[in-house]
Amino acid sequence: MAAHPRTYAAVGLTLVAAVTAGCTGSGSHAGSGGPASGSSTVSGQNKPAPTESNPPGDIPDNQVYVSYQPTGGSFTGFTLKVPEGWARTGQGGTTAFTDKLNTVKITAVSASGAPTAGSVSNAVVPRLRSQVPKFSAPRVSEVTRHAGRVVLLTYQGDSAKDPVTGKVVRDAFERYAFYRAGHEVDLTLSGPVKADNVDPWRIVSDSFAWR
């Protein structure tokens, strides 16, 4: 008779151990599955959208361009595209379109002959050196645009001091000299040296056409 209580006790301990192990395993699965799934969902919902950041002077990729054709001045026989919405100013034979830190300047003059790399180096560079603050790094080359061969002068210089902030910006310049039949049109594109405006400036310079 004494053997039965020991048997019942052993069976009881076995059942308790089995129930405990089952509960522990179930809790382990729930703990590892639940929070991991929830963490993934929350992370996906809270992930910030990428923000586009352009350096100062960068012209937006979605900039619209409109055709410009002079109606006055010494010569009106050409057209080109300029950025839409930019402020326009004019003085003498020069027209400028400006927005923030960038400028498109167009000057029409009479010329006895076509400009060359040599004439630009010998005549234009010294003149600009005396006019542009901290003029530097001039480079003259001949390039091709849709209108034909053109002399390109690139250089750097300081902008005029901002009347409000007093800030001066280091600018990069591209000056294209177009010529036909006694008429020269100088197209100067300028903006901060670190701005990436290669494509916009190519659109403007390639759009130049004689009428």
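Description of the structure in this document. On a predicted model such as this, the values are computed, not experimentally measured, just so you know.

What about the nonpolar core?
A general trend in soluble globular proteins is that nonpolar side chains are found buried together. Of all hydrophobic cores here, the largest spans 23 residues; its most connected members are Phe78, Leu80, Val104, Ile106, Val185 and Leu187. Contributions of two or more residues to this core are made by β1 (65-68), β2 (78-83), β5 (102-110), β7 (148-158), β8 (170-180), β9 (183-192) and α3 (198-207). If sequence neighbours within four positions are ignored, Phe78 has contacts with Tyr68, Gln69, Pro70, Ile106, Ala108, Val185, Phe208, Ala209, Trp210 and Arg211. If you look at the next biggest cluster of nonpolar residues, it comprises eleven residues, including Val124, Phe135, Leu153 and Ala177.

Here's the deal with the side chain of Ser205
Mapped onto the secondary structure, Ser205 falls in helix α3. Residues in contact with Ser205, not counting those within four places in the same chain, are Arg145, Tyr176, Phe178 and Leu187.

Points about the sheet that holds strand β10 (residues 209-210)
Pairing within the open sheet is antiparallel, and its three strands lie in the order β1-β2-β10. Looking at strand neighbours, the two that pair on one side only are β1 and β10, the edges of this open sheet. Sheet topology note: the β2/β10 ladder contains two bridges and is antiparallel. Note that in β10 the partner of Thr79 across the bridge is Ala209. Across the sheet, α3 lies against β1, β2 and β10, angled at about 165 degrees from β2, the strand it touches most.

How each quantity is defined
Residues numbered from 1 in each chain as written. Predicted model: local features only at pLDDT ≥ 70, side-chain atom pairs only at ≥ 80, totals over all residues. Heavy atoms only, no water. Core = buried A, V, L, I, M, F, W, Y, C linked by side-chain atoms within 4.5 Å. Buried < 20%, exposed > 50% of the residue type's maximum accessible area, 1.4 Å probe, protein only. Helix = DSSP H or I, 4+ residues; strand = E, 2+ residues; numbered from the N terminus. Contact = heavy atoms within 4.5 Å. Pairing = 2+ DSSP bridges. Axes fitted to C-alpha atoms, helices over the stretch in contact; angles between N-to-C directions.

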